[in-house]
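Residue-level structural notes
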Protein chains: 6
Amino acid sequence: MSTSRFQPVSGFDLPRFAGVPTFMRLPHITLDDPDIADVQIGLVGAPWDGGTTNRPGPRHGPRQLRDLSTMIRAQNGATGVRPFDAANCADLGDVAPNPADVMDSLDRFTTFYSRVRQAGVRTLTAGGDHLCSLPILRGLASDGPVGMIHFDSHTDLFHSYFNGSMYTHGTPFRRAVEEELLDPQRVVQIGIRGTAYDMEDRDFAKSVGVRVIAIEEFFERGIPDVMAEAREIAGSGPTYISYDIDFVDPAFAPGTGTPEVGGPNSFQALQVVRELEGVNIIGADLVEVSPPFDQAGGTAWLAVSIMFELLCVMVGRH
Amino acid sequence: MSTSRFQPVSGFDLPRFAGVPTFMRLPHITLDDPDIADVQIGLVGAPWDGGTTNRPGPRHGPRQLRDLSTMIRAQNGATGVRPFDAANCADLGDVAPNPADVMDSLDRFTTFYSRVRQAGVRTLTAGGDHLCSLPILRGLASDGPVGMIHFDSHTDLFHSYFNGSMYTHGTPFRRAVEEELLDPQRVVQIGIRGTAYDMEDRDFAKSVGVRVIAIEEFFERGIPDVMAEAREIAGSGPTYISYDIDFVDPAFAPGTGTPEVGGPNSFQALQVVRELEGVNIIGADLVEVSPPFDQAGGTAWLAVSIMFELLCVMVGRH
Amino acid sequence: MSTSRFQPVSGFDLPRFAGVPTFMRLPHITLDDPDIADVQIGLVGAPWDGGTTNRPGPRHGPRQLRDLSTMIRAQNGATGVRPFDAANCADLGDVAPNPADVMDSLDRFTTFYSRVRQAGVRTLTAGGDHLCSLPILRGLASDGPVGMIHFDSHTDLFHSYFNGSMYTHGTPFRRAVEEELLDPQRVVQIGIRGTAYDMEDRDFAKSVGVRVIAIEEFFERGIPDVMAEAREIAGSGPTYISYDIDFVDPAFAPGTGTPEVGGPNSFQALQVVRELEGVNIIGADLVEVSPPFDQAGGTAWLAVSIMFELLCVMVGRH
Amino acid sequence: MSTSRFQPVSGFDLPRFAGVPTFMRLPHITLDDPDIADVQIGLVGAPWDGGTTNRPGPRHGPRQLRDLSTMIRAQNGATGVRPFDAANCADLGDVAPNPADVMDSLDRFTTFYSRVRQAGVRTLTAGGDHLCSLPILRGLASDGPVGMIHFDSHTDLFHSYFNGSMYTHGTPFRRAVEEELLDPQRVVQIGIRGTAYDMEDRDFAKSVGVRVIAIEEFFERGIPDVMAEAREIAGSGPTYISYDIDFVDPAFAPGTGTPEVGGPNSFQALQVVRELEGVNIIGADLVEVSPPFDQAGGTAWLAVSIMFELLCVMVGRH
Amino acid sequence: MSTSRFQPVSGFDLPRFAGVPTFMRLPHITLDDPDIADVQIGLVGAPWDGGTTNRPGPRHGPRQLRDLSTMIRAQNGATGVRPFDAANCADLGDVAPNPADVMDSLDRFTTFYSRVRQAGVRTLTAGGDHLCSLPILRGLASDGPVGMIHFDSHTDLFHSYFNGSMYTHGTPFRRAVEEELLDPQRVVQIGIRGTAYDMEDRDFAKSVGVRVIAIEEFFERGIPDVMAEAREIAGSGPTYISYDIDFVDPAFAPGTGTPEVGGPNSFQALQVVRELEGVNIIGADLVEVSPPFDQAGGTAWLAVSIMFELLCVMVGRH
Amino acid sequence: MSTSRFQPVSGFDLPRFAGVPTFMRLPHITLDDPDIADVQIGLVGAPWDGGTTNRPGPRHGPRQLRDLSTMIRAQNGATGVRPFDAANCADLGDVAPNPADVMDSLDRFTTFYSRVRQAGVRTLTAGGDHLCSLPILRGLASDGPVGMIHFDSHTDLFHSYFNGSMYTHGTPFRRAVEEELLDPQRVVQIGIRGTAYDMEDRDFAKSVGVRVIAIEEFFERGIPDVMAEAREIAGSGPTYISYDIDFVDPAFAPGTGTPEVGGPNSFQALQVVRELEGVNIIGADLVEVSPPFDQAGGTAWLAVSIMFELLCVMVGRH
């Protein structure tokens, strides 16, 4: 049960457009704050896009996601879960990136997430581009490889870009498998689609045992069946959830750098998360929201709705 | 049958981007005009947002809806209905609100709709925020409570906001039940979803007999089944139709103040109206279109398409 | 098999946001270039909107489509086809329209497509408004009427506009049937919807044997069934594919001049093209993208994704 | 003096965002209305862009200008003039163009303005692209050539475009001089700037005696001096005022098809009109507002502010 | 001198796009926080627009102003002032409005500013619509009427709107004079322009001795001369500064509800504030920023730049 | 004199919205093309923003600048210069950056510009963020330090960011002085303004002899006087021109990452370039255009107008 310190501000007291915007109107508690000891789930911003190979912007994601997240209320309309009653949640602020140095940023992020883990806080991270999942996994998976359920239109399993660059938002999970942060047999990637240069990423997936569920299979089998398989792949071990907003069709989520048409709608975008009920979630992220390509804020509104669903399954069994 | 005076301007004569924009290019006939006696259905603008608790803008709705409504032609592509042949329709202009005084606005609206009712004109209102349904019902339901089929993502059945404010766009139907304008046993709310602070509105619905069909049930059962139940609940008595544009998923209707993701698509948005065929409709509204959040006009275009469908079922049996 | 000269620039070499934008990063080879002899499929821009009766803008389509097309990679994620390996493809540049003279533009286009046909190049054209299909057919169908599979929300079979104008984007296929460029018995129109002034176009379709599949039938029967019928109607003879972007629901493709709500989503928009496998395609177009109504570029991104699918089926059996 | 019938609706009675939008909230009186006999100044929309050689959109101008014009009040803040007290003003509606036929549109416009002139109404026209000035002059100048004070960044004196097209928005005043609608010795063009292909237009101006004041001279001499010369050139004879919104710098008026940077600011844009006091104005236009390039409406707001200033000098001495 | 607690976060430590956005990256200290005792200048958000008679949106102002204010650094480039060194500054958060009740909001604001005054904190308020200046003055001017230097395109001295509504953003200073919060002889209004319904506000100004400097006089005399007069009018007594963003030309500040063209540019917008050096400033506001009409954020960026200049003159002599 | 091969496409032949967009519609000739030998001035795109510390986007600059540059015609309206007649100009394409590696990108750029210099081509570069000026200078200044006239609101003379990153868009000219690419005594920076963290950059400028002209001095002295001093500082030696679009006021150029309000207008933005006549220009750049913050394209239009003026002075004396 949460304590009153950790209740979000109600829109009946202060209208939702008012006030300094923290994630879901939760208290802002940094890692240096003594109250961090009481936090069970921390919402973290990862404002970077140093790994972006195409259209930049995710560095602005956390700011816009905080803004739109003040529209979130206290209770899940579909499942009835009240996450802020079930766990002490807080906004831990943003990890400080170095916009001019990718490798330095990776180190800063790894350090931050190691500290968070030591503090006993599970995190729900708002990206940032998808490369941020790598240092998060480095911070979280120090006891051995973890499983992952990954929603995306891309596998992010490529070897390198631009004649040898190994750290981009197209490579984090290749690195994570290589660094034994992920157990590839316990990894499933859902929603993959779009054009490709070749089959390099799919071949790698096959060779290490990562399960790839393309969008055609996703639509044909339906969400309950696909997600049952996903839960089975993840099993009961510690599992990370990574949700790239470009999993969703760009009509519902235009604000991202590498959209692929032909994806799920917003109802399906929420449903897949609700089907995570029962998974042993050690952390989660929602990445690749790019505000410059979404001035109306619709992508961010969907993204924070997904974050709220993630929070509800994270507290579900605890 | 309509008279030639009430035929809309054809796009073959005057291109659809030209001319002073009235609703669906109908003649503009005010309540003071003697021709009002010939009008059977009046399209009315309700340009206000004094009841809005979050993001404002619906006061600009009627202007934008008139603009986009000039894209509407004469015949329904799906049902073949030609509403302007079936009934004398006219644009009655806008009710004058008082943007600085909610209570005065309520009075002005009640007065207007009472006059309209005395003139024997049924109305299709373009909001404006959802609070406008309350004075419309006050004007229309003077002979006793009416039924209602209500499309929305919110119940609008809350008691009060901000420490006691009882007249907001979240409370109109609570007031309408209390004031015995609505017969709660003949009210159905369809599409409800999103986060909530608590269950106060749902508890009230249960206690008075309002039927709430959440979005999950809506998608599971399908439109024909849900709408059959809706028609049964409304029965053969006088029934009001209230359509909040946030019923529709925000990818299809971003231009609204309190969108909730995970809603119906635009085809479903039209289908539910076609399923109203046979209902005894005494009036209807389409509310909460907020142009500042929809500069491209897509929301307004969908909204006027829905208004045209509403018009087609309003004339259907007459 | 293609030659190396015709391979598009890879995003691993030059990032996709860089470089002079040609269609799909292919070489730019004009009709006057001797290399035209090696080209099998030519991508052509038709930057005009002189036939537009309502909201203009498609003259800017080819520019924006080239821009977004640099996001396309080499291989189809769903079917595995690699069109640039299968055929020598090139960007032939734009046909020069006369923005101040519709009839002159028609002549210029007819001349261009006659030359292209003589050069033995099949074309995939990026419009431009839908009137451009008429001079394309004049250029291509010189040996006798062809069949057509046509995706659209409108039939474009009207007789004339504005008191006698016979060449607008609402009339190309009426003219094409009259001029015996199209064999009406081998023409199918899919996705038709929206309001109408009357039944003139439908009556004409019936009278000459054009098959019209309205959107309600499309959704009810499903894509495989509808497309099987379409392939049967087209038969094995030479067939033109005309794809108006307003076939797709405006939430997915807002950037067009005459959108009609209630259409297919982006996955369905791609699926119908994949079901063209086996059709004897002599040319294709994707028309009515209007950048001024789509500043975020989502419509163009969907449109070039559809163009890539069209390319994949055009090379499919060759 | 005006009669009460011709007073615009006050924003104190009906808020400025409400109501069916006519120009400056004036009564809508068509040429067929018997009340036309009482009208002294008519505001007319010319919704076309058939003469546009580059980026289209002005066909949507009158709609947006009517919308923004509801922000105009009754009295000029700088000069104290109250135009609606001084003359009976009305919205005459739009001239019906033929979007598919430039020559037919020219004829329709000439006919309309001839009728207006016969009705004894002076007009203030809201374009539409600049070609509309030609048929207006044909309608107005039937008694012989008139003078003109012309604000623009282009001379619009070119001979032809695209290998012989003589009727575009770059040629109206060449034609008007050739047709002896304008007396070139009484014509002055102010604000000319931007790149050119050659000196053809300037050479023509010199050869017939049109005075061209480039922007550098405009800024160097200052508005009072330049406008004194303009008044002297126009003299006391009948004079037409043509105001292309691209006269103004595009930071102040982005919504136009062929902007040229380095122009006057909005204060100067108003000042030049105030300096027309005393000119014998027989008609005026404000053209080239293109809403698709100005979704925020700032250009239209400036344009209607200029139209109000034009109205104030049109009634000034009458 | 400030203490280290009150130094804003540097962009060299945490990039300016990162972190929870408080005003100018200052610490967030509420009135209930014991540290309030150390605060000398408080930045306050007043998120309301209940007094808005035309286009709403300023309720979203403080959120966007906080966002853009993270671009502000520590030192004034023109004057060299370092306000955060000179005084302890903090973000006091937002006053909670009641969006559904203007009178209740006025009371809430008055209470808040009374408490602030008792705490010995001078405030710089970010609106919100201009009606907020009234309760601020009620809170601040409890010892007797104060002077005011007021930058605006409107006088906001009207008696009432909509048949008797006395509390709108067009009336605050009429009320403030009537309530003896302002000493009209020590009030100057600068930049007034635009159309009007009549002279009621100007007549009132004259009758009580308020000095109105219209924009024509402003431009003719120049800033140093005008501001010297303004300082003389304000004298050495306690003076409030009220800055409506619509003082600035809408090309520089489009994001506001009632823009008037023909105003100062952004350099002049800053210069007038620098000329306040030496005035005895007891509080200041920057109001009427409306984010829905300024999605690009340029208005907010100018507004926070003005707020920074205001802060620099507020600390100037202390 | 140029040869016909190097004449841009005329808008009278192919409308300006048509065709594959190269810079100013010039032929596209890469360094590997034998025709490079005939090129005198090369327009180059530098699509990167790896040095950006705040809001990204300039990597998209060259694409948008090419698009808008098709609006440029052949002759300068103010000076009469016809640059494409005076010199053989061509579009050399884009330098390939590595978006994931700043140091690798710097090397790629240096290599490219060294090759260009060896080919005897002077370049006009379209950025890209301002860090690109460093490798350009490395390529060009191999014979010893050069002078520079620099238009900007920032000095870009900082030592490092984020705890030691020495290569950002805030440091290029510090590095260039340290690497003896620039002769600081022959460097002048014009238009500097905005807030700062401290005086580190100004102190450095003073210590090495770089002349900084702040915006206040710029406005007070006027352009002719300031530019005469600039020409004197540059002297007759080889001089580089660097033009950051944020030199211009953000109302005229919103599309940039670090705008500072209170800058020159667009007329002044062009005038300063015209005053470069006579300077010995060895190369020039126009940087920091960020399309995601300028969807309407106004910034790019101003930027290409400035590029055209730069081209006119580059060919001026040759």
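Treat the numbers as computed from the prediction; the structure is a model and nothing was measured. (Residues numbered from 1 in each chain as written. Chains lettered and ligands numbered in written order. Predicted model: local features only at pLDDT ≥ 70, side-chain atom pairs only at ≥ 80, totals over all residues. Heavy atoms only, no water.)

1. Regarding the overall build of chain A
Within chain A, the secondary structure is distributed over 10 helices and eight strands. Counting over 318 residues, chain A shows a buried share of 70%. Intrachain contacts of chain A at a sequence separation of at least 6 include 77% that bridge at least 24 residues. As displayed, chain A offers around 8,900 Å² of accessible surface, 49% of which is attributable to carbon and sulfur atoms. Once the 25 positive and 41 negative side-chain charges of chain A are each reduced to a mean point, those two points are 4 Å apart. (Helix = DSSP H or I, 4+ residues; strand = E, 2+ residues; numbered from the N terminus. Buried < 20%, exposed > 50% of the residue type's maximum accessible area, 1.4 Å probe, protein only. Contact = heavy atoms within 4.5 Å. Areas by Shrake-Rupley, 256 points an atom, 1.4 Å probe, with all protein chains shown as cover. Lys, Arg positive; Asp, Glu negative; His and termini not counted. Charge placed at Lys NZ, Arg CZ, Asp CG, Glu CD.)

2. Some points on the UniProt feature "binding site: Mn(2+)" (unreviewed entry) in chain A
UniProt records the feature "binding site: Mn(2+)" (unreviewed entry) for His-130, Asp-152, His-154, Asp-156, Asp-244 and Asp-246 of chain A in the present numbering. Spatially, the listed residues are clustered: although they cover 117 residues, their C-alpha atoms lie within 12.1 Å of one another. On the basis of relative accessibility, which here comes to 12%, the residue His-154 of chain A falls in the buried class. Contacts of His-154 of chain A, omitting those with residues within four sequence positions, involve Ile-192, Asp-246, Thr-258 and Glu-260 of chain A together with Arg-73 of chain C. With respect to the secondary-structure elements, Asp-156 of chain A resides in the loop between β4 (146-151) and α5 (172-178). Ignoring anything within four residues of it in the chain, the contact list for Asp-156 of chain A reads His-130, His-150, His-169, Gly-170, Thr-171, Pro-172, Phe-173, Arg-174 and Asp-244 of chain A. In this structure the side chain of Asp-156 of chain A is engaged in a polar contact, spanning 2.9 Å, whose partner is the side chain of His-130 of chain A. (UniProt positions renumbered as here; feature names shortened; annotations may be inferred. Polar contact = N/O pair within 3.5 Å; in protein donor to acceptor, adjacent residues only side chain to side chain.)

3. Topic: the relation of the copies chain A and chain F
One copy of the chain maps onto the other through a rotation about an axis followed by a shift along the same axis. Once chain A has been moved 0.0 Å along the axis and rotated by 180°, it coincides with chain F to within an RMSD of 0.0 Å. When the rotation and shift are considered jointly, the pair of chain copies conforms to a two-fold rotation axis. Among all C-alpha atoms of chain A, that of Pro-292 of chain A lies closest to the rotation axis, at 2.8 Å. Interface overlap between copies: 100% of the residues of chain A at the interface are likewise at the interface in chain F, consistent with a symmetric, same-surface contact. (Least-squares fit on C-alpha atoms with pLDDT ≥ 70 in both.)

4. Concerning the sheet that holds strand β3 (residues 122-127) of chain D
All names here are of chain D. Spatially, the eight strands line up as an open sheet ordered β2-β1-β3-β8-β7-β4-β5-β6, and their pairing is parallel. Two strands lie at the open edges of the sheet, namely β2 (89-94) and β6 (211-214), each paired on one side alone. Here the strands of the sheet are splayed against their neighbours by 15° on average, with no regard to which way each runs. Bridge count for strand β4 (residues 146-151) against strand β5 (residues 182-192) is five bridges, and the pairing is parallel. Its bridge partner being in β5, Ile-149 is matched across the sheet by Val-188. Contacting β1 (41-46), β2 and β3, helix α1 (residues 61-69) runs over the sheet at an angle of about 110° to β3. Against the sheet, helix α8 (residues 223-234) contacts β4, β5, β6 and β7 (239-244), and its axis sits at roughly 165° relative to β5. (Pairing = 2+ DSSP bridges. Axes fitted to C-alpha atoms, helices over the stretch in contact; angles between N-to-C directions.)

5. Quick notes on the relation of the copies chain F and chain E
Its rotation angle being 120°, the transformation that places chain F on chain E also includes 0.0 Å of axial translation and leaves an RMSD of 0.0 Å. Expressed as a symmetry operation, the mapping of one chain copy onto the other fits a three-fold axis. Considering only C-alpha atoms, the residue of chain F closest to the rotation axis is Ala-251 of chain F, which sits at 3.5 Å.

6. Considerations on helix α4 (residues 133-140) of chain A
Counting along an α-helix, one turn takes 3.6 residues, and residues three or four places apart therefore face a common direction. Of all the eight residues making up α4 of chain A, seven are buried; the element is thus mostly covered by neighbouring parts of the structure. For α4 of chain A, the set of buried residues is Ser-133, Leu-134, Pro-135, Ile-136, Leu-137, Gly-139 and Leu-140 of chain A.

7. A short note on the interface of chain A and chain F
Facing 24 residues of chain A, the contacting portion of chain F comprises 24 residues. Buried area between chain A and chain F, both sides added, is near 1,600 Å², and the carbon and sulfur share of it is 53%. Contact with chain F buries surface across chain A, with Pro-56, Ala-100 and Phe-162 of chain A losing the most and accounting together for 29% of the total. Between chain A and chain F we count zero salt bridges in total. On inspection of chain A and its partner chain F, the count reaches eight residue pairs in polar contact (both at pLDDT 80 or more). Partitioning the side of chain A that touches chain F into residue classes produces eight nonpolar, 11 polar and five charged. (Buried area = accessible area lost by both parts, 1.4 Å probe. Salt bridge = Lys/Arg side-chain N within 4 Å of Asp/Glu carboxyl O. Nonpolar A, V, L, I, M, F, W, Y, C, P; charged D, E, K, R; others polar.)

8. Description of the sheet that holds strand β5 (residues 182-192) of chain E
The strands that make up a sheet pair up through hydrogen bonds in the backbone, lying either parallel or antiparallel. All names here are of chain E. Spatial ordering of the open sheet is given by β2-β1-β3-β8-β7-β4-β5-β6, a layout of eight strands whose pairing is parallel. Both outer strands of the open sheet, β2 (89-94) and β6 (211-214), are each paired with one neighbouring strand and no more. The mean angle between the axes of side-by-side strands here comes to 15°, regardless of whether they run parallel or antiparallel. Where strand β1 (residues 41-46) lies against β2, five bridges are found, and the strand directions are parallel. Paired with Leu-43 across the strands is Asp-91, a residue of β2. Most of the contacts of helix α8 (residues 223-234) go to β5, to which it runs at about 165°, and overall it touches β4 (146-151), β5, β6 and β7 (239-244).

9. Focus on helix α9 (residues 266-274) of chain F
Buried residues dominate α9 of chain F, accounting for seven of its nine residues. Among the residues making up α9 of chain F, those that are buried are Ser-266, Phe-267, Ala-269, Leu-270, Val-272, Val-273 and Arg-274 of chain F. In this fold, the buried residues of α9 of chain F make contact with α7 (215-221) of chain D together with β4 (146-151), α7 (215-221), α8 (223-234), β7 (239-244) and α10 (298-314) of chain F. Taking the backbone nitrogen of Phe-267 of chain F as reference, a side-chain oxygen 3.1 Å away marks Asn-265 of chain F as the first, capping residue of α9 of chain F.

10. Some points on the pairing of β6 of chain D
Residue and element names in this part refer to chain D. Across four bridges, β5 lies against β6 in parallel orientation. If you follow Ile-190 over to β6, its bridge partner there is Ile-213. Where the polypeptide runs from β5 across helix α6 (residues 200-208) and back to β6, its parallel neighbour, the crossover connection is right-handed. (Right-handed = clockwise from strand over helix to strand, strands pointing away.)

11. Looking at the packing of helix α3 (residues 102-118) of chain E against helix α4 (residues 133-140) of chain E
All names here are of chain E. As a packed pair, α3 and α4 sit with axes 7 Å apart at the nearest point and diverge in direction by 40°. Note that α3 runs across α4; the crossing there is right-handed. Residues Leu-106, Phe-109, Thr-110, Tyr-113, Ser-114 and Arg-117 of α3 pack against Pro-135, Ile-136, Arg-138, Gly-139 and Leu-140 of α4. Here the residues of the contact of α3 with α4 are counted per class, giving six nonpolar, three polar and two charged. (Left-handed = near helix turned anticlockwise from the far one by under 90°.)

12. Side note on the pattern of salt bridges
It is possible for side chains of opposite charge to pair when their charged atoms get near one another. Within the structure shown, the criterion is met by 132 salt bridges over all chains. Of the charged contacts, one joins Arg-231 of chain B and Glu-275 of chain B as a salt bridge, the two residues approaching to 3.0 Å between their closest N and O atoms. With a gap of 44 residues between them, Arg-231 of chain B in helix α8 (residues 223-234) and Glu-275 of chain B in the loop between α9 (266-274) and β8 (281-287) connect regions that are remote in the sequence. What makes Arg-231 of chain B partly exposed here is its relative accessible area of 28%. A salt bridge links Arg-66 of chain D to Asp-94 of chain D; its shortest N-O distance comes to 2.9 Å. Separated by 28 residues along the polypeptide, Arg-66 of chain D in helix α1 and Asp-94 of chain D in strand β2 bring together distant segments of the chain. Just as Arg-66 of chain D is buried, Asp-94 of chain D falls in that class too. Beyond isolated ion pairs, a larger network of salt bridges with shared partners links Arg-211, Glu-217, Arg-221, Asp-225 and Glu-229 of chain A.

13. Observations concerning the interface of chain F and chain E
Each partner contributes residues to the interface: chain F has 28 residues there, and chain E has 24 residues. Summed over both partners, the interface of chain F with chain E buries about 2,300 Å², with 61% contributed by carbon and sulfur atoms. When the buried area of chain F at its contact with chain E is split by residue, Thr-195, Tyr-197 and Val-261 of chain F rank highest and sum to 35% of it. The partner of Arg-73 of chain E in a salt bridge is Glu-260 of chain F, and the shortest N-O contact between them spans 3.3 Å. The residue makeup of the side of chain F that touches chain E, split by class, is 12 nonpolar, 11 polar and five charged.

14. Section: the environment of Leu-134 of chain F
Residue and element names in this part refer to chain F. Checked against the element boundaries, Leu-134 lands in helix α4 (residues 133-140). Take Leu-134: its relative accessible area is 0%, and that puts it in the buried class. Here the alpha-carbon distance between Leu-134 and Tyr-167, two residues 33 residues apart in the chain, equals 9.2 Å. Look past the residues within four positions of Leu-134 in its chain and what remains in contact with it is Tyr-167, Pro-172, Arg-175, Ala-176, Glu-179 and Leu-181.

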